[in-house]
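Residue-level structural notes
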Amino acid sequence: MSLSRRPLAVDICVCTFRRPILGETIRSLAALEIPDGIEIKVIVADNDVVPSAEELVARLATEIPFPILYLHAPACNISVARNACLDAATGDFAAFIDDDETVTPGWLAALLAVVEAEAADVVLGPARAVYAAKAPDWMKAGDFHSTLPVWVNGKICSGYTCNVLLRRASPFVAGLRFKPELGQSGGEDTDFFTRLTRAGGRIAYAEKAVVDDPVPADRASFAWLVKRRFRMGQTHGRVVIGELRRRARAGQVGLAAGKAGLCFIAAAAHFPFAARRNRFALRGAMHVGVVSALLGMTEIRPYGDIQP
């Protein structure tokens, strides 16, 4: 990787909302293996109504070797916080991780290596789920919470913000922002990266750019996964609607409903095998979410009922 031409600046962005574990996230950055010629700045966007993370960030600024910029981006709307980070970023690259993740030492170097080698506009890395001992065995065996890119015909057509690097000078990145109307329902990152690739932007994958994502007890349940997959289906359905004429929508409803039915039949057929059964059932829930979006049902708002 030829970085000797001039220093490159990377802004590492973390959006947060009432999570004291943010301290572990920021401290993990101190152990990063930084390639020569790379300058780091950390941007923390606090999405709480009051600046509840400000004091913690001030303490963290004395513990890590990089400057930290604190932003108060109140709205209880993740799109607002992410856009605040993009507006404040000044580096050659902007990276995003979640406020409950920790990075591995080689994370940033792996992202930078791939973005240069493949001349990509965006690079995704894997978010590796870390399960507590009390998590169900089927869940740990099936690894239902890790986040990885999805390839369609050999291409990555969308992405996520829990582990990503953006080339800020790219014409497909500059000026692109997250939609606030999706900041409480979820799916705003899928929408963002789908618009990027439809405009011609290219997304690559850095397998070694790993972040660890602990799974809290309230998410280590089948019910939570059903809700998440259903919402993911609604997001996909919204994307599909943007590509369809009204007459074609009925056919897509039938297709998604048929896929849901097949998934539930497969789940029943694999009933004795919990990981396989639940994987098919969750895929069925996703297709039901697609149907609901195609029929115009209101999207669920898993992040919209938080009290100030």
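Presented here is an overview of the structure given in this document. This structure is a prediction, so every number in the text was calculated from the model and none was measured.

**Regarding the pairing of strand 1 (residues 8-16)**
Consecutive residues of a regular strand have side chains that alternate between opposite faces of the sheet. The buried fraction of strand 1 amounts to eight of the nine residues, a majority that puts the element mostly inside the structure. Across nine bridges, the pairing between strand 1 and strand 2 (residues 38-46) is parallel. Looking at strand 2, one finds that Thr-16 is bridged to Asp-46. Following the backbone out of strand 1, through helix 1 (residues 22-29) and into the adjacent parallel strand 2, one traces a crossover that is right-handed. Here six bridges tie strand 1 to strand 4 (residues 93-98), and the two strands are oriented parallel to one another. In the strand pairing of strand 4, Val-14 is matched with Ile-97.

**Remarks on the packing of helix 3 (residues 78-88) against helix 6 (residues 188-198)**
Direction vectors running N to C along helix 3 and helix 6 enclose 45°, while the axes themselves pass 10 Å from each other. With respect to each other, helix 3 and helix 6 are oriented oblique. Counted together, Ile-78, Ser-79, Arg-82 and Leu-86 of helix 3 and Glu-188, Asp-189 and Phe-192 of helix 6 form the full contact between these two elements. Its residues assigned to classes, the contact of helix 3 with helix 6 shows three nonpolar, one polar and three charged.

**Digging into the sheet that holds strand 7 (residues 127-130)**
Taken in spatial order, the three strands of this open sheet run 5-12-7, and their pairing is mixed. Of all strands in the sheet, those bounded by a partner on one side alone are strand 5 (102-103) and strand 7.

**A few points about the pattern of salt bridges**
Considering all chains together, one arrives at 13 salt bridges under this definition. Note that Lys-140 is salt-bridged to Asp-137, the shortest N-O span being 3.9 Å. Placement of the pair is Lys-140 and Asp-137 together in helix 5 (residues 137-142), with a separation of three residues, close to one helical turn. Using a relative accessible area of 33% as the deciding quantity, one classes Lys-140 as partly exposed. When salt bridges that share partners are traced, they join Arg-19, Asp-99 and Asp-100 into one network.

About the cut-offs
- Residues numbered from 1 in each chain as written.
- Predicted model: local features only at pLDDT ≥ 70, side-chain atom pairs only at ≥ 80, totals over all residues.
- Heavy atoms only, no water.
- Buried < 20%, exposed > 50% of the residue type's maximum accessible area, 1.4 Å probe, protein only.
- Helix = DSSP H or I, 4+ residues; strand = E, 2+ residues; numbered from the N terminus.
- Pairing = 2+ DSSP bridges.
- Right-handed = clockwise from strand over helix to strand, strands pointing away.
- Axes fitted to C-alpha atoms, helices over the stretch in contact; angles between N-to-C directions.
- Parallel < 35°, antiparallel > 145°, perpendicular 65-115°, else oblique.
- Contact = heavy atoms within 4.5 Å.
- Nonpolar A, V, L, I, M, F, W, Y, C, P; charged D, E, K, R; others polar.
- Salt bridge = Lys/Arg side-chain N within 4 Å of Asp/Glu carboxyl O.

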